[in-house]
Each structure stands twice: as C-alpha cells, then as structure tokens.
Amino acid sequence: MLSIISFTLGPVQTNTYLIADPGTGEAVVIDPAERGDLIVGEAEKHGWRIGNIWLTHAHFDHLAGAASVADRCAPPPPVALHPADYPLWRIQGAAPLFGMHIDPGPEPTIDLKHGQILHLGGNQFQVRHAPGHTQGHVMFYCPSENVLFCGDVIFDGSIGRTDLPGGDYETLIASIEAQVLTLPDETRLLSGHGPETTVGVERRLNPFLVD
Ligand SMILES: [Zn+2]
Ligand SMILES: [Zn+2]
C-alpha cells in the first residue's frame, strides 16, 4: 500500500509529494518545494515518520523546502540525488539565475543511480535516470502501485523545459521514449508541475510526442 499526499508550493507552483506506507508509518518527501511546516505537519497528523527526502532533480523549486523539512525532523532525513545534478545543487539549484536565493538544506548523502531499487515500507521504487531537463534528473517508479513520480520530464500535455543549463531537447525526448513511454498505459504520472495524467493519455495526446 502506498499513500500519496500532494502539495502545490512555492513561487512556480511545484508539486511536492508526501508518500508513505501506512502499514509501517514510513514516509518520504519527494521534491520539498517550500513550507516544511505544512509537509511535516501533515506527516505528523497521520503518525508517519519522514525517513528520506528524494529529489527528482536539483532545480531550486524542487528543493527549497528541504531545509525546513530537515529542521523539523529528528534525525534530519538524508537527501537522495543523482550525482550528475550535484553541480546544480551547489549553485542553489540555479535560484540566482531567477534572482532568488535559497537554503538548499542538508547536503545529499545518497547517490541515486539508474536501476537502483528504493524501499518505502513494503513498496519498491525503481530509479529511472531521465536526463534532458537536467543532466541528473531521475524518476521514481512504483510498479505495484502503477505510479511514476516524473518530476519535470513530462507534464500533462507538455514536457520539461530544456533551455536552462544542462538541458537538451533531443536528450529529453529520448529519455521520455525510453523511460516513460515503455511503461503501461495505465501508469499514473505525478509530475513536478500541473495535474496528474497517465502514460496512455500522453502517448496519444502530448503534442511533443505525437507526430
Ligand atoms: Zn526543473
Ligand atoms: Zn520544476
């Protein structure tokens, strides 16, 4: 079983996901965008313990809440990131490019790599490396629950921008073809921005993927 609570937070309306195995009470925060008080408060309300922070990628809008989550948890949850996004993490997720400054929170200590299996209670998640939006972008796929946390790789009717440092359009399209469109049509896509969609809907209707 997997419980999923979503929040839309921060200056660019980023989706943060608080996920948990309700049987064990173990929880993870995917992309804490802002407002650690809200995220940790929600976990406490359910009696869940946040054991990890998983980052799909290191853009500031996906990690600006990591510090405030960590401050409210004892011990602070370790942060997981793909090493190819560490350079981006070290420059505050490119926040200065947008005229902002953030506290990126605890240094990532868990190196994510393609094919790695992450555990959350009884749930297993495959790490899928999907570069193109950033070089170290990963997605978290839970086959037993038919859900892919896909960050800024693909959105409802759109795809991630590729004009920021480390972005590359052809690479992104190749990642989507290899790591998203190979999944079953009914797979839920929980993106970094905007509403939920599915692999089947995007396969048929996404203007970036349909010729
Ligand atoms: Zn991004
Ligand atoms: Zn984003």
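Our structure is the block above this text.
A brief look at the structure comes next.

Definitions and limits used
Residues numbered from 1 in each chain as written. Chains lettered and ligands numbered in written order. Predicted model: local features only at pLDDT ≥ 70, side-chain atom pairs only at ≥ 80, totals over all residues. Heavy atoms only, no water. Helix = DSSP H or I, 4+ residues; strand = E, 2+ residues; numbered from the N terminus. Buried < 20%, exposed > 50% of the residue type's maximum accessible area, 1.4 Å probe, protein only. Polar contact = N/O pair within 3.5 Å; in protein donor to acceptor, adjacent residues only side chain to side chain. Donors = N, O, S within 2.8 Å, 3.2 Å for Na, K, Ca; no water. Tetrahedral: all angles 85-135°; square planar, octahedral: opposite > 155°, others 65-115°. Core = buried A, V, L, I, M, F, W, Y, C linked by side-chain atoms within 4.5 Å. Contact = heavy atoms within 4.5 Å.

## Things to note about the side chain of histidine 57
- Along the chain, the position of histidine 57 falls in the loop between strand S4 (49–54) and helix H2 (66–71).
- On the accessibility criterion, histidine 57 (0% relative accessible area) is buried.
- A polar contact of 3.4 Å, which involves the side chain of histidine 57, links it to the side chain of histidine 137.
- Looking at histidine 57, its side chain comes within polar contact range of the side chain of aspartate 152, at 3.3 Å.

## A short note on the coordination of the zinc ion (ligand 1)
- Of the protein atoms, only His57 (NE2), His59 (ND1), His133 (NE2) and Asp152 (OD) coordinate the zinc ion (ligand 1), at distances of 2.1 to 2.4 Å.
- If you look at the zinc ion (ligand 1), its four donor atoms make angles of 89 to 171° with each other, and the shape they trace is irregular.
- Here the donor residues for the zinc ion (ligand 1) map to a single chain with the spacing H-x1-H-x73-H-x18-D.
- Separating the zinc ion (ligand 1) from the zinc ion (ligand 2) is a distance of 3.4 Å, and aspartate 152 supplies a donor atom to each of them. Residue histidine 133 is found in the loop between strand S8 (123–129) and strand S9 (138–142), and its partner aspartate 152 is found in the loop between strand S10 (147–151) and strand S11 (154–155); the two are separated by 19 residues along the sequence.
- By relative accessible area, histidine 133 is classed as buried at 2%.
- With a relative accessible area of 3%, aspartate 152 lands in the buried category.

## Observations regarding the nonpolar core
- In this structure, Leu18, Trp48, Ile50, Leu55 and Val69 are the most contacted members of the largest nonpolar core, which totals 29 residues.
- Elements represented by at least two residues in this core include exactly strand S1 (3–9), strand S2 (14–21), strand S3 (26–30), helix H1 (36–46), S4, H2, strand S5 (79–81) and helix H3 (86–90).
- In this structure, valine 69 is in contact with Pro32, Gly36, Ile39, Val40, Ile50, Ile53 and Pro77, ignoring residues within four places of it in sequence.
- Tyr17, Leu112, Cys142 and Leu190 belong to the second-largest nonpolar core, a separate cluster that totals 18 residues.

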